[in-house]
Amino acid sequence: MSTTVEPQESRRFPPRRFRSLAVASTAATLALGLVACSGGPASTNAVEGGNGGATSIETTLAFTLSSGFDPANASSAVATAVNQHIFEGLVDLDPVTREPYRALAKEDPVASADGLSYTVGVRDGAKFSDGTPVTAEDVAWSFERVLKPADPKAPPLMRGFVSFIDSVTVKDATTVEFKLKYPFALFSERISVIKILPKAKTADVAASKTFDTAPIGSGPFKLDSASKESGVKLSKNPNYNGSRAAKVETMTWNTTSEASARVSDLQGGRVQAIESVPYLNVDSLKGKYTVEAKQAFNQVFLMFNSSAAPFNDKRVRQALHYAIDKDSVIKTALNGYGTPATSYLDEGNKDYQKAATVYDYNLDKAKALLQEAGVTNLTFQLDTTDNSVVKDVAPLVIEQWKKIGVNASLNTVPSSAIYGDVVPKNTFRVLMATGDPSVFGVDTDLLMRWFYYGETWPGQRYRWNAADRKAMADLLDKAAQTSDEAARKALWKQALDKVADEAPLYPILHTKVVTAYDPSKLDGFSGAATTGLYFLGTSRKG
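Just so you know, these numbers come straight off a predicted model, no measurement behind them.

## Observations regarding empty space enclosed by the protein
If you walk through the whole model with that rule in mind, you get 5 cavities of 30 Å³ or more. If you add up the space inside the largest cavity, you get close to 270 Å³. Thr80, Gln84, Lys195, Val439 and Phe440 are, among the 17 residues lining the largest cavity, the residues nearest its centre. No other element matches helix H1 (residues 77-86), which puts 3 residues into the lining of the largest cavity. Here the lining of the largest cavity is composed, by residue class, of 9 nonpolar, 6 polar and 2 charged.

Below is the structure:
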């Protein structure tokens, strides 16, 4: 439930929103793969036998490291999961419940009477993993470097999530004050997207570049090594004094995109947990292992070049959605581990609202829309990322489109090539890919701003016209400035209805994430409905 701005001088989080910091939780999730066999080679960098015993955790992730660790820009599955263990925000979101809790903040943020400023103090005795104290100057700097970057033409990824903040200043050695551009009802949980880092290590461009590969944070673990080839090694941060202390001395995170290798690592005892359990292996793993499947925001979406004919006509975009038998796709490609999209938000989201336009399977309506748009014999190239789910879904969709006289050829390339080379070209028309910004937060404002606000996605990628971009931005900004929860939700409903109707980028389905672990080896571990593996509060047995 959304945090609201209360009409009194000092506002605190409602008790149900901030759990006791003594409560530890963990998570393990991600984008899913599909293989028919449970055997196969071990991951290329698997630990040897997993003999760390009670002092270590070994796991295998489904992605390889593809970005640095600077939390202002890190977005890869591996980096964001690592950062949850080595960095802290003033407030963080629990990886499982997604509820906010005080991390580096000594007390709940306190708002002024008009809601235009907040003060937050730093936890007593907090230190970075190199032993230096965390100061108010570090906190202010961590926000300011995102809000006012050295290169304004290349703003940090997190900037769009905190655009409501005007400035962050130091009040004393351990207290900062936030000045807001307007009252923002979700302030207390949104500041979790900014992780606190030492100013001395990131004071200029050169220092930040070094920090990106050798990060230092105040979280319960510290990073010892990381690479695409050898995976990630972490160890306990001896200087951590928060409430979620590491319960093991070391962790080894192996990485492989080979689904059968992850299963082999678990069954061979090399690791205690894996993410992205292949759907067809779920039943065979149950019994000896705990297998958890949770509905996720993670979506398979279609994105169109909305400035290029015939896809500049929303009726064509709508027709292609109506022509997809989503239930059949989910049953065949995902073995049932997904749900048809009935909104941009997944049905497990606390703020879920069904969209006014729902693309139920309707071939007659799809054909009628194409006829109204004057489109016949439509042929185009469907570009896709090489995500395993997308690779399974795309051929099925292409076959279904043939029933309405649409022919699409398939072009599958890695994500980096899709967004770096394919989409920017004038020849781009239609993309199928996955996306899951819920790793940063689950409120509607954050999730919608990721794809529908600013220039990166609406302007540069799907080329939505200026009027629609402005209308969407105005809706989201108005909602963000609304203190009344019901009114804010009504504005979000308008935004959800708009993107469903226009469908410049819109989900076909939302997946379920499946995690497996050995309950005889791990204690305090649970799956979560977002990407990444998390071991906050997890300990080893035996």
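Right, picking up where we left off after that structure.
## Looking at unusual backbone geometry
Residues alanine 309 and proline 310 are joined by a peptide bond in cis, for which omega reads 0°. One can find proline 310 in the loop between strand S13 (290-304) and helix H7 (314-322). Notably, serine 276 is not glycine yet its phi reads approximately 50°, a positive angle. Considering the arrangement of structural elements, one finds serine 276 in the loop between strand S12 (273-274) and helix H6 (282-285). Positive phi, normally seen in glycine, also occurs at arginine 463, with a value near 50°.

## Comments concerning the sheet that holds strand S6 (residues 117-121)
In sheet architecture, strand pairing relies on hydrogen bonds along the backbone and comes in two forms, parallel and antiparallel. The 4 strands are arranged S5-S6-S8-S7 in an open sheet whose pairing can be described as antiparallel. In this open sheet, the two strands that pair with only one neighbour each are strand S5 (110-111) and strand S7 (165-172). Of the strand pairs in this sheet, S7 and strand S8 (residues 175-180) are connected by 6 bridges, and their pairing is antiparallel. Across the sheet, the residue bridging to isoleucine 165 is leucine 180, located in S8. Along the sheet face, helix H2 (residues 136-147) touches S7 and S8 and points at about 165° away from the line of S7.

Conventions we followed
Residues numbered from 1 in each chain as written. Predicted model: local features only at pLDDT ≥ 70, side-chain atom pairs only at ≥ 80, totals over all residues. Heavy atoms only, no water. 1 Å grid on protein atoms, 1.4 Å probe; cavity = no way out; pocket = protein on both sides within 12 Å on 5 of 7 lines; lining within 4 Å. Points joined across faces, edges and corners; volume = space filled by probe spheres on them. Helix = DSSP H or I, 4+ residues; strand = E, 2+ residues; numbered from the N terminus. Nonpolar A, V, L, I, M, F, W, Y, C, P; charged D, E, K, R; others polar. Pairing = 2+ DSSP bridges. Contact = heavy atoms within 4.5 Å. Axes fitted to C-alpha atoms, helices over the stretch in contact; angles between N-to-C directions.

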